[in-house]
Amino acid sequence: MRRKSLFPQVVIDRDTESEESSSEEEEEANVVLPEEERVQKGKTPITITLKKVCKVCKKSGHEAGFRGATYIDCPMKPCFLCKMPGHTTVTCPHRVATEYGMVPAPHKNTTNPLEFVFQRQLHPRLPPIKPAHVIPDQVHCAVIRYHSRRVTCLEFHPTNNNILLSGDKKGQLGIWDFGKVHEKTVYGNIHNCILNNMKFNPTNDGSIYAASSDGTISCTDLETGISLSLMNLNPNGWEGPSSWRMLYGLDVNSDRSVVLVADNFGYLYMADIRSNNKMSKPTLIHKKGTKVVGLNCNPLQPDLLLSCGNDHFARIWDMRCLEAGSSLYNLEHKRVVSSAYFSPLSGSKILTTSLDNRIRVWDSIFGNLDYPSREIVHSHDFNRYLTAFRAEWDAKDSSESLVVIGRYISENYDGAALHPIDFINISTGQLVAEVMDPNITTISSVNKLHPREDILASGSSRSLFIWRPKKLDIALPREEKRMVLCGEVSKKRNKKHGDESDDDSKYDIVRSKDNSLKQKKLASKSSSYKSRRS
DNA sequence: AGAAAATGATCCC
DNA sequence: TGGGATCCCTTTTC
């Protein structure tokens, strides 16, 4: 009562049931000023009516958003995971099914022109058993943060096992010796905007090619940082967005000694490695005016090229007869194709990641390519602000069935909303393992598996992570249950608590400011794995 | 602490 | 066909 004379009366009235009224008013709190109170006290009693208004669809009667560490979908929208109407992510069959997310694709038996392109030598060998050490049961995690913008690509050194290269949105190239955790080099003057893709020079471990949204290809000496430009598609500088060319999807055809890149208008370019010169004229390989984001040369037959992009297609080309419209096959997707790779050993499988939340697998390029062999529902559709997710092969897996990809939607792990990095068996669609760390609350959209060692590298926002197993020899019941792998961030050089936020070049663990309680809760469990969802 | 900004595909007219 | 609104489980900075 006393308070009422000091402060306006605030009555919060929660509406639990739906009401049919226009959405405009309901978004704002209704403020009611009763006449008599206003007159009597000279103060302003306020009645605030808070209705449950969904911030996604703006309708009342339900709410979308985080409840604790669990996100509640708007029921008026299609499932956020599988994109089908009628249910939400929580009840999505692709989330709760044992065979996580797999959708069998229809098969037809038609002859395939690729059979005539390829030699029989390329037939796949498919050992059914994966090496036992592929997936760690527990992981250590080392962290470094020296990029000033988000990480866009990662590449392991082809011969030195402890070197990880990273590119970022600003165009910087990072070289991290994660064996000696604190040793790193950053070259900031190679490109002046997004470093989209890079690839080591196949004839010289000491240099790397990179394609950038600044429209140039660089070849950088890793020791000196001296870089030369193989191509510049914007020689006249900025003349507006309709003419500015950006380069993506770099790969090297070593047979031809050619660097391949593609641009944001649908064109493929080549540069000769030996002369470091742009070759011939560009070829339109995707719908004119659309971005080509990925290029991949077949590991056994480099003249076979796989491209993908924003025209919703992945396309297969024969470099020997390359011209606009000459693709051997066009692999249709429902939305943008973020990545498309041949399998790393046999080159006979194809793996794509599309923004329709599906990983697609074609089991053999000798078979029918009209439809994928499998579609695996997986959350990697993102809104903005992230580097596109790409499902990446494990080159150590001789059966060519293990793939790693970051997950967009979070899961509630003992009260913390975390975004795991998923290991998926693309032969079965099964989620084999999920790696996360309670200290890492950001989304790890860039991931790469070490070509020779049991190491996973991740790029998440501006940070880089190296995950390695604590034990190598454990027998894993991989096919029976999924594994939750909790990392344990290395605490080395983490003694200073004061100046943690401003030094870009420090080595440190990642801390989340609002997550301290959750970390404590998780700490007791972070050193062991557990299965979940039975 | 809370707001703004950065910024990309897609859809609609 | 193109520009602007919209999408709406981000991350960082001020």
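In short, a report on the structure. As the structure is a computational prediction, the values presented were derived from the model and not from experiment.

Cut-offs used in this document
Residues numbered from 1 in each chain as written. Chains lettered and ligands numbered in written order. Predicted model: local features only at pLDDT ≥ 70, side-chain atom pairs only at ≥ 80, totals over all residues. Heavy atoms only, no water. Buried < 20%, exposed > 50% of the residue type's maximum accessible area, 1.4 Å probe, protein only. Helix = DSSP H or I, 4+ residues; strand = E, 2+ residues; numbered from the N terminus. Pairing = 2+ DSSP bridges. Axes fitted to C-alpha atoms, helices over the stretch in contact; angles between N-to-C directions. Near = heavy atom within 4 Å. Polar contact = N/O pair within 3.5 Å; in protein donor to acceptor, adjacent residues only side chain to side chain. Nonpolar A, V, L, I, M, F, W, Y, C, P; charged D, E, K, R; others polar. Core = buried A, V, L, I, M, F, W, Y, C linked by side-chain atoms within 4.5 Å. Contact = heavy atoms within 4.5 Å. Patch = residues over 30% accessible without salt bridge, like charges linked within 9 Å, V, L, I, M, F, W, Y side chains within 5 Å. Areas by Shrake-Rupley, 256 points an atom, 1.4 Å probe, with all protein chains shown as cover. Salt bridge = Lys/Arg side-chain N within 4 Å of Asp/Glu carboxyl O.

Considerations on the pairing of strand β10 (residues 173-177)
Stage number 1. Most of β10 sits inside the fold, with five of its five residues counted as buried.
Stage number 2. Burial of the side chains of β10 extends over both faces: L173, I175 and D177 are buried on one face and G174 and W176 on the other.
Stage number 3. With five bridges joining them, strand β9 (residues 163-168) and β10 adopt antiparallel strand pairing. The residue bridging S166 from the neighbouring strand is G174, located in β10.
Stage number 4. Hairpin connection, β9 to β10: the antiparallel pair is bridged by four residues, and G171 has positive phi, about 100°.
Stage number 5. In the sheet, β10 pairs with strand β11 (residues 183-187) via five bridges, with the strands oriented antiparallel. Paired with W176 across the strands is K184, a residue of β11.
Stage number 6. Connecting the antiparallel pair β10 and β11 is a turn made up of five residues.

Here we look at the sheet that holds β11
Stage number 1. Strands sit in the order β8-β9-β10-β11 across an open sheet of four strands; the sheet is antiparallel. In this open sheet, the two strands that pair with only one neighbour each are β8 (151-156) and β11. With direction set aside, neighbouring strand axes in the sheet form an average angle of 20°.

Here's the deal with the protein's contact with DNA strand B
Stage number 1. Taken together, K169, K291, N310, H312, R335, V336, N383, R384 and Y385 are the residues near DNA strand B.
Stage number 2. Taking the atoms of DNA strand B that fall within 4 Å of the protein, sugar and phosphate contribute 38% of them.
Stage number 3. A distance of 2.7 Å separates a phosphate oxygen of DNA strand B from a polar side-chain atom of K291.
Stage number 4. N310 is positioned such that a nitrogen or oxygen atom in its side chain is 3.0 Å from a phosphate oxygen of DNA strand B.
Stage number 5. Class assignment for the residues of the surface near DNA strand B results in two nonpolar, three polar and four charged.

Comments concerning the nonpolar core
Stage number 1. Grouped together as the largest cluster of nonpolar side chains are 25 residues, with contacts concentrated most on L351, I359, F389, Y408, I424 and I426.
Stage number 2. Ignoring anything within four residues of it in the chain, the contact list for F389 reads S338, T353, H380, F382, I405, G406, R407, Y408, I443, S444 and S445.
Stage number 3. Residues V293, A314, I350 and L369 belong to the second largest nonpolar core, which totals 18 residues.

With respect to the pairing of strand β21 (residues 304-309)
Stage number 1. Across the six residues that make up β21, a large majority, six, are buried.
Stage number 2. Pairing between strand β20 (residues 292-297) and β21: five bridges, direction antiparallel. Paired with N296 across the two strands is L306, which belongs to β21.
Stage number 3. Counting the residues between successive antiparallel strands, the hairpin from β20 to β21 contains six residues.

Considering a nonpolar patch on the surface
Stage number 1. Together, V56, F66 and Y71 make up an exposed nonpolar region whose accessible area comes to about 270 Å².
Stage number 2. With respect to the element layout, V56 can be found in the loop between β3 (46-51) and β4 (65-67).

What to know about the sheet that holds strand β13 (residues 204-212)
Stage number 1. Across the sheet, which stays open at both edges, the four strands sit in the order β12-β13-β14-β15 with antiparallel pairing between neighbours. Each edge of the sheet is formed by a strand with only one pairing partner; in this case those strands are β12 (195-201) and β15 (227-232). Mean inter-strand twist for the sheet, computed between neighbouring axes without regard to direction, equals 20°.
Stage number 2. Note: β12 against β13, six bridges, orientation antiparallel.

Here's the deal with the protein's contact with DNA strand C
Stage number 1. For DNA strand C, the set of nearby residues contains 18 residues, the closest of which are Y71, S410, I443, S461 and R462.
Stage number 2. Close to the protein, within 4 Å, the atoms of DNA strand C are drawn from sugar and phosphate at a rate of 59%.
Stage number 3. Between R145 and DNA strand C, the recorded distance is 3.3 Å, taken from a side-chain N or O atom to a phosphate oxygen.
Stage number 4. A distance of 3.3 Å is found between a sugar or linking oxygen of DNA strand C and a side-chain nitrogen or oxygen belonging to N383.
Stage number 5. By residue class, the composition of the surface near DNA strand C is eight nonpolar, five polar and five charged.

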